[in-house]
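One letter stands for each residue in the lines below.
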Amino acid sequence: MKSKISASRKLMLKSLMVAKAKEELEQEMEEKEEEKTKYLEEKSPPIQTRSMSLAELRTLCEELHAKIDVVDEERYDIEAKVLHNTREIKDLNIKVLDLRGKFKRPSLRRVRVSADAILRSLLGSKHKVSLDLRANLKSVKKEDTEKEKTVEVSDWRKNVEAMSGMEGRKKMFDAAKGPSQ
């Protein structure tokens with residue numbers, strides 16, 4: 001799709017935008033400088049040192065140095081906090097990027113695949129597999145189940161007498177071992 005503005009027109013607009021941004025930046029710098037001088041005039045009025053003696057000048061210098069030291073300590077503390085916060089921000093940004101990378105998942109589509117195709121992909125194309133589940137099922141005849149249900153009912157007292165004593169325990173032990181002796 002072609003743009004409606006020609007290349008020369010684009011270049012001219014870009015240069016105008018850059019020139020306007022440069023003017024605004026210079027104006028902003030001038031405003032900041034004016035604010036700074038205004039603040040300094042309010043906070044630190046000019047000092048009359050002509051009428052002061054040498055001792056008064058020394059005490060004034062000591063007071064100014066003490067104030068400068070306090071301001072330097074505050075500046076140092078603030079710089080340390082800023083550095084600590086920037087390090088923390090960098091670490092958190094790295095963690096966020098790591099988490100984005102870990103959990104980014106592709107968009108998945110539903111694909112219908114037959115059981116034969118799945119087996120072919122698992123076993124390879126050499127094997128021709130047809131999945132007929134019904135052929136693999138066991139066929140159960142009703143007659144077999146009915147025969148198993150009709151078990152002879154014998155007298156339970158005879159069984160108890162046969163199993164009593166050491167002989168009965170030996171029979172139970174042998175029966176538990178099975179025929180693989």
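Reading guide: rules and limits
Residues numbered from 1 in each chain as written. Predicted model: local features only at pLDDT ≥ 70, side-chain atom pairs only at ≥ 80, totals over all residues. Heavy atoms only, no water. Helix = DSSP H or I, 4+ residues; strand = E, 2+ residues; numbered from the N terminus. Buried < 20%, exposed > 50% of the residue type's maximum accessible area, 1.4 Å probe, protein only. Areas by Shrake-Rupley, 256 points an atom, 1.4 Å probe, with all protein chains shown as cover. Salt bridge = Lys/Arg side-chain N within 4 Å of Asp/Glu carboxyl O. Patch = residues over 30% accessible without salt bridge, like charges linked within 9 Å, V, L, I, M, F, W, Y side chains within 5 Å. Lys, Arg positive; Asp, Glu negative; His and termini not counted. Charge placed at Lys NZ, Arg CZ, Asp CG, Glu CD. pLDDT = per-residue confidence, 0-100.

Thoughts on the overall build of the chain
Right, so step 1: Looking only at helices and strands, one finds seven helices and zero strands in the chain.
Right, so step 2: Counting helices and strands in the order they occur from the N terminus, the chain gives α-α-α-α-α-α-α.
Right, so step 3: Split into buried and exposed, the 181 residues of the chain put 1% on the buried side.
Right, so step 4: Counting every atom, the chain has about 19300 Å² of accessible surface; 57% of that belongs to carbon and sulfur.

Things to note about the pattern of salt bridges
Right, so step 1: Counted under the stated rule, the structure contains three salt bridges.
Right, so step 2: A salt bridge links Lys32 to Glu28, with the shortest nitrogen-to-oxygen separation between them at 4.0 Å. Residue Lys32 and its partner Glu28 are both found in helix α1 (residues 7-43); the two are separated by four residues, about one turn of the helix.
Right, so step 3: By relative accessible area, Glu28 is classed as partly exposed at 42%.

Topic: a negative patch on the surface
Right, so step 1: There is a patch of like negative charges on the surface, built from Glu23, Glu24, Glu26, Glu30, Glu31, Glu33, Glu34 and Glu35.
Right, so step 2: Mapped onto the elements, Glu34 comes out in helix α1.

Some details on a nonpolar patch on the surface
Right, so step 1: There is a patch of nonpolar side chains on the surface, built from Val111, Val113, Ile118, Leu122 and Leu123 and spanning about 490 Å² of accessible area.
Right, so step 2: The partly exposed category is assigned to Val113, whose relative accessible area is 46%.

Focus on the confidence of the model for the chain
Right, so step 1: Confidence in the prediction of the chain, expressed as mean pLDDT, is 80, and 67% of residues score 70 or more.
Right, so step 2: The least confident element of the chain is helix α5 (residues 142-149), whose mean pLDDT is 58; the most confident is α1, at 94.

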